[in-house]
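Read off the chains here:
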Amino acid sequence: MQYSPLGHSGLQVSRVCLGTMTWGKQNTQNDANAQIEYALAQGVNFIDTAEMYAVPPTADTYGTTETIIGNWLADNPARREEFILASKIAGNGLKYIRGGGDITGESVISAVNDSLARLQTDYIDLYQLHWPNRTSPHFGKHAPGRISFSDVDAQAHSAQMLEILQALDECVKSGKIRHFGLSNDTPWGINEYVRLSEKHNLTRVTAIQNEFSLLQTRDWPFLIENCVHQQVAYLPWSPLATGALTGKYIGGARPEGARWNLVQRNGLFRDTEQSSAAVAAYSELAQKHQLTPAQLALAWCNQVDGVTSTIIGATSLEQLNENISAFELTLSDQVLSDIADIHRQYPVPF
């Protein structure tokens, strides 16, 4: 296993981050226990969760994933130091989470305390804002004209961000969290938090996790360049495009237990004719080079300059083994060139 610096934090994280959002919906406590044990044995030292999980998010499964991790930690208290634990506060829009309201300084304090209780730990290494209070161009909202930046009151949002940052700083100083990060945010979001932290001598943003895959590369190059020079770790989520890049949905297939059979909060917006054509092309390329489609997609993501650690998920140990093994691969210049040819054909398939 290889490791990279987590931004400016001084922490070293594995190039693989174990995502957990299926735990409590598609996976049981025993499944999760086995995945944690297996990942740690492979050298993975980075686990990511969120108060909102399991996914798809519902009131019934809210907090379930953190509780599952907490149960494992309660049974293995001496092993807490073996990994870096990340979690997230949910943003606005889910009425069963703090009435669906914005993230505020007060909600940060209460959410951190609640997550610590569910996780049965004294501290969270990386605490992230799951999405910003303003509407960001994520979750299928990235097409030009889909949202309006001109309508945003930047001054008001900056004031909210300062309040949030002050609460995060308080949590750092009390030892409840070690570092904070963003998720589903933009270069402006990163840089405004950096500006506010420098101006007010507050804790500095350490990482950002955004969707990034062969089907969704909008963060390259501008946001990733920003991360490199601001020393903010870049953590891709959904590197397999919610499973599409495994090839299991080719031809409209819907395997039993697969995620696309579940109700999705934002719909199956990744399921387009262009996406299907791109996935078929990448799958054919993987076969040509004696790789699985998942290995091709994950190894490619790992080799993108500026990527720190890629968040993977699995519903079985077999999938987890395949996914982790992809990070031992180095794609040749020919494979990368072939990938680039396909990407030029399908640069924004959804």
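In what follows, the structure referred to is the one given above.
Bear in mind that the values here come from a model prediction, so they are computed numbers and not experimental data.

Things to note about the overall build of the chain
Per the secondary structure count, the chain includes ten helices and ten strands. Its C-alpha atoms give the chain a radius of gyration of 19 Å, near enough to 20 Å, the size a compact globule of 350 residues would have. When its C-alpha atoms are laid out on the principal axes, the chain stretches across 55 × 50 × 35 Å. Burial analysis of the chain (350 residues in total) assigns 56% to the buried set. Looking at the chain alone, contacts between residues at least 24 apart form 77% of all its contacts between residues at least 6 apart. A total of about 14,700 Å² of accessible surface is found on the chain, and carbon and sulfur atoms cover 49% of it.

Description of the packing of aromatic side chains
On inspection of all chains with the given rule, the structure shows nine aromatic pairs. On the numbers, 6.1 Å between centres and 55° between planes, the contact of Trp72 with Phe83 is tilted. With Trp72 in helix H2 (residues 64-75) and Phe83 in the loop between H2 and strand S5 (84-89), this pair connects stretches of sequence that are eleven residues apart. Judged by its relative accessible area of 3%, Phe83 falls in the buried class. Plain terms: the ring middles of Trp131 and Phe139 are 6.5 Å apart, the flat faces sit at 90° to each other, and that makes the pair edge-to-face. Within the aromatic cluster, the residues linked to one another by ring pairs are Trp131, Phe139 and Trp237. In this arrangement the basic side chain of Arg80 is found over the ring face of Phe83, its NZ or CZ atom lying 5.4 Å from the centre.

Let's talk about the sheet that holds strand S3 (residues 16-19)
Spatially, S9-S8-S7-S6-S5-S4-S3-S10 is the arrangement adopted by the eight strands of the open sheet, whose pairing is parallel. Of all the strands in the sheet, just strand S9 (233-237) and strand S10 (310-312) have a single pairing partner and so form its edges. Taken over all neighbouring pairs, the strand axes of this sheet differ in orientation by 30° on average, direction set aside.

A few points about the nonpolar core
The biggest cluster of nonpolar side chains holds 99 residues, and the ones touching the most others in it are Leu6, Phe46, Val108, Leu215, Leu245, Tyr282 and Ile339. When sequence neighbours within four positions are dropped, the list of residues in contact with Tyr282 reads Leu214, Leu215, Leu245, Leu296, Ile339, Ile342 and His343. Membership of the second largest hydrophobic core comes to eight residues, among which are Ala50, Val55, Ala90 and Ile97.

Quick look at H2
The terminal C-alpha atoms of H2, which comprises twelve residues, lie 17 Å apart, in line with the 16 Å expected from a rise of 1.5 Å per residue. Looking at the buried residues of H2, the elements they touch are helix H1 (29-41), strand S4 (46-48), S5 and helix H3 (105-119).

Notes on the packing of H3 against helix H4 (residues 154-173)
Relative to each other, H3 and H4 sit at 30°, their axes nearing to 7 Å. Along this stretch, H3 crosses H4, giving a crossing that reads as right-handed. On H4, the residues touching Gly105, Glu106, Val108, Ile109 and Val112 of H3 are Glu163, Ile164, Ala167, Leu168, Glu170 and Cys171. Broken down by class, the residue content of the contact of H3 with H4 amounts to seven nonpolar, one polar and three charged.

Some thoughts on unusual backbone geometry
Of note, the bond from Tyr53 into Ala54 is cis; its omega dihedral lies within 30 degrees of zero at 20°. You can see Ala54 is positioned in the loop between S4 and H2. Each neighbour pair has its own omega, and for Trp220 with Pro221 the value is 5°, a cis peptide bond. For Gln120, which is not a glycine, the phi torsion comes out positive at approximately 55°.

Points about the pairing of S5
Most of S5 is tucked away: six of the six residues are buried. Burial along S5 is two-sided: Ile84, Ala86 and Lys88 and Leu85, Ser87 and Ile89, pointing in opposite directions, are all buried. With three bridges connecting them, S4 and S5 associate as parallel partners. Note that in S5 the partner of Asp48 across the bridge is Ala86. Of the crossover connections in this fold, the one passing from S4 over H2 to the parallel S5 is right-handed. Summarising the sheet, S5 and strand S6 (residues 124-129) pair through four bridges and their orientation is parallel. Note that in S6 the partner of Ile89 across the bridge is Leu129. This β-α-β element, S5 to H3 to S6, shows right-handed connectivity.

The rules behind each value
Residues numbered from 1 in each chain as written. Predicted model: local features only at pLDDT ≥ 70, side-chain atom pairs only at ≥ 80, totals over all residues. Heavy atoms only, no water. Helix = DSSP H or I, 4+ residues; strand = E, 2+ residues; numbered from the N terminus. Rg over C-alpha atoms; globule rule 2.2 N^0.38 Å. Buried < 20%, exposed > 50% of the residue type's maximum accessible area, 1.4 Å probe, protein only. Contact = heavy atoms within 4.5 Å. Areas by Shrake-Rupley, 256 points an atom, 1.4 Å probe, with all protein chains shown as cover. Phe/Tyr/Trp six-rings, centres within 6.5 Å; stacked < 30°, edge-to-face > 60°. Lys NZ or Arg CZ within 6 Å of the ring centre and 35° of its normal. Pairing = 2+ DSSP bridges. Axes fitted to C-alpha atoms, helices over the stretch in contact; angles between N-to-C directions. Core = buried A, V, L, I, M, F, W, Y, C linked by side-chain atoms within 4.5 Å. Expected span 1.5 Å × (residues − 1). Left-handed = near helix turned anticlockwise from the far one by under 90°. Nonpolar A, V, L, I, M, F, W, Y, C, P; charged D, E, K, R; others polar. Right-handed = clockwise from strand over helix to strand, strands pointing away.

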